[in-house]
Amino acid sequence: MPYISTRTNVKLSNDQCESIKTKLGKAIELLPGKSENWLMLSFEDESNLYFKGKNDKPLAFVDVKLFGKASKDAYNNLTREIANILHEELNIQPDCIYVKYEEVSTWGWNGSNF
Amino acid sequence: MPYISTRTNVKLSNDQCESIKTKLGKAIELLPGKSENWLMLSFEDESNLYFKGKNDKPLAFVDVKLFGKASKDAYNNLTREIANILHEELNIQPDCIYVKYEEVSTWGWNGSNF
Amino acid sequence: MPYISTRTNVKLSNDQCESIKTKLGKAIELLPGKSENWLMLSFEDESNLYFKGKNDKPLAFVDVKLFGKASKDAYNNLTREIANILHEELNIQPDCIYVKYEEVSTWGWNGSNF
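Cut-offs used in this document
- One numbering rule holds for all chains: residues counted from 1, following each sequence as written.
- To read the labels, note that chains go from A and ligands from 1, taken in the order they are written.
- The predicted origin of the model limits local features to residues at a pLDDT of at least 70 and limits the giving and counting of side-chain atom pairs to 80 or more, whereas totals for whole chains, interfaces and linings rest on all residues.
- Processing note: side-chain calculations cover all non-hydrogen atoms of the structure and skip hydrogens and water entirely.
- A contact between two residues is defined here by any heavy atoms of the two lying within 4.5 Å.
- Two parts placed together each lose some accessible area under a 1.4 Å probe, and the buried area is that loss summed for both.
- By definition, a salt bridge exists where a carboxyl oxygen of Asp or Glu is found within 4 Å of a side-chain nitrogen of Lys or Arg.
- A 3.5 Å cut-off defines polar contacts: any pair of N or O atoms within that distance qualifies, except that in protein one atom must be a possible hydrogen donor and the other a possible acceptor, and neighbouring residues in sequence count only when both atoms are side-chain atoms.
- Numbering goes from the N terminus for both helices and strands, where a helix is a DSSP run of H or I of at least four residues and a strand is a run of E of at least two.
- Only residues with pLDDT of at least 70 in both copies count here: their C-alpha atoms drive the least-squares fit that superposes the copies.
- Exposure is judged per residue with a 1.4 Å probe applied to protein chains only, and the accessible area is read against the type maximum: over 50% gives exposed, under 20% gives buried, and values in between give partly exposed.
- Here, strands pair whenever DSSP counts at least two bridges between them.
- Any Phe, Tyr or Trp ring, taking Trp's six-membered ring, that has another such ring centre within 6.5 Å forms a pair; planes under 30 degrees apart are called stacked, those over 60 apart edge-to-face, and the others tilted.

Caption draft 1: Quick look at the interface of chain B and chain A. Contacts between the two partners involve 26 residues from chain B, matched on the other side by 28 residues from chain A. At the boundary of chain B with chain A, total buried surface from both sides reaches about 2300 Å², with 53% on carbon and sulfur atoms. For the pair chain B and chain A, the number of links is three salt bridges. Residue E44 of chain A is joined to R7 of chain B by a salt bridge in which the shortest nitrogen-to-oxygen separation is 3.0 Å. The interface formed by chain B and chain A includes 20 residue pairs in polar contact (both at pLDDT 80 or more). Counting residues per element, the ones that place at least two in the side of chain B that touches chain A are β3 (48-51), β4 (60-67), α2 (72-90) and β5 (97-104) of chain B. The element that contributes the greatest number of residues to the side of chain B that touches chain A is β5 of chain B, accounting for six residues.

Spelled out as structure tokens, the structure:
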């Protein structure tokens with residue numbers, strides 16, 4: 001039950017979106033017990049973002065929400081991989097990417113909570 | 001002070017939006033002490049969503065944020081009702097809907113925090 | 001490592017956006033240790049929002065996420081200032097503005113977590 005929302009000021013082509021989707025579907029396995037089988041993704045491109053008071057560079061804010069918890073190491077690995085993916089696919093520099101985690105205790109699917 | 005954001009890949013008509021709004025305004029009463037009187041809603045339709053690696057079905061991610069806490073039963077009832085509403089109004093299958101809860105301890109309105 | 005997302009049903013001009021950006025870059029200093037140097041902002045204007053069952057007024061939902069914590073007083077000062085900014089710049093009434101805080105314990109930048 002993870003969910004990753006990716007917000008960027010870059011415009012995503014369909015191909016880029018599909019490719020990032022596939023890579024995030026692998027990357028999520030860095031969190032033990034998580035897989036693409038339960039992963040929901042959202043992409044918001046061409047967003048109105050600023051970082052350090054400027055909007056002249058490619059930027060991204062990635063919000064990873066997961067049911068339960070994971071270890072510091074697992075989160076660190078996932079942050080590194082997400083930065084790699086967005087750098088490879090969209091040429092966003094890692095120092096222009098925030099990745100934020102939310103551990104969620106109440107999460108519903110199919111009409112009831114886990 | 002609840003806030004419900006509904007993100008879906010379905011396109012919402014004005015009528016559907018109004019109807020979902022009205023039903024969520026009732027459903028929020030399933031959380032004790034909450035009512036439409038303090039409820040803010042956002043709707044993001046035609047979003048770029050994937051679930052289980054695919055985007056070929058109607059999908060929704062619903063984020064319920066509330067000031068304070070509620071019981072497990074109350075959350076479960078609200079998840080069921082939200083799934084019902086989105087199924088009735090948008091024909092989204094309940095197993096394509098995530099409902100995520102965030103209990104918020106610092107919440108501002110009218111220029112100061114509760 | 002703060003992030004402020006501002007969602008409103010008002011349409012923002014470029015000038016308004018720049019002005020709000022600059023003012024939020026100052027306001028964030030109300031949280032000790034935070035500054036525009038680490039601040040990311042997002043703006044979503046012309047959003048589909050409802051408050052108290054209606055969408056006939058200018059509305060805003062502001063989500064402040066920060067790495068770590070701050071004091072009640074600091075949060076209160078920031079809520080007041082955000083309401084002032086949105087009132088001055090967009091003529092949104094403070095009683096039509098929610099400001100919600102999230103204290104984040106896992107936050108990544110530049111490919112690893114803080």
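Caption draft 2: Geometry of the relation of the copies chain A and chain C. Overlay of chain A on chain C (RMSD 0.0 Å): rotation 120°, translation along the axis 0.0 Å. Put plainly, the chains are arranged around a three-fold axis. Residue E102 of chain A of chain A places its C-alpha closer to the rotation axis than any other residue of that unit, at 5.4 Å. Take the interface residues of chain A: only 12% of them recur as interface residues in chain C, which is what a contact between different surfaces looks like.

Caption draft 3: Region of interest: the pairing of strand β1 (residues 2-8) of chain A. Residue and element names in this part refer to chain A. Buried residues dominate β1, accounting for seven of its seven residues. With seven bridges joining them, β1 and strand β4 (residues 60-67) adopt antiparallel strand pairing. Bridge pairing in β4 places T6 opposite V62. As judged from the five bridges shared by β1 and strand β2 (residues 40-44), these two strands associate in the parallel manner.

Caption draft 4: Inspection of the packing of aromatic side chains at higher detail. Scanning the model with the defined rule gives 30 aromatic pairs over all chains in all. Their ring planes at 5° and their centres at 3.5 Å tell us that Y3 of chain A and F61 of chain B sit as a pair that is stacked. One end of the pair, Y3 of chain A, is in strand β1; the other, F61 of chain B, is in strand β4, on a second chain. Pair check on accessibility: Y3 of chain A and F61 of chain B agree, each one buried. Where F51 of chain B meets Y98 of chain B, the ring centres are 5.1 Å apart and the plane angle is 75°; that geometry is what we call edge-to-face. Residue F51 of chain B is found in strand β3, and its partner Y98 of chain B is found in strand β5; the two are separated by 47 residues along the sequence. This pair shows no difference in class: F51 of chain B is buried, exactly as Y98 of chain B is.

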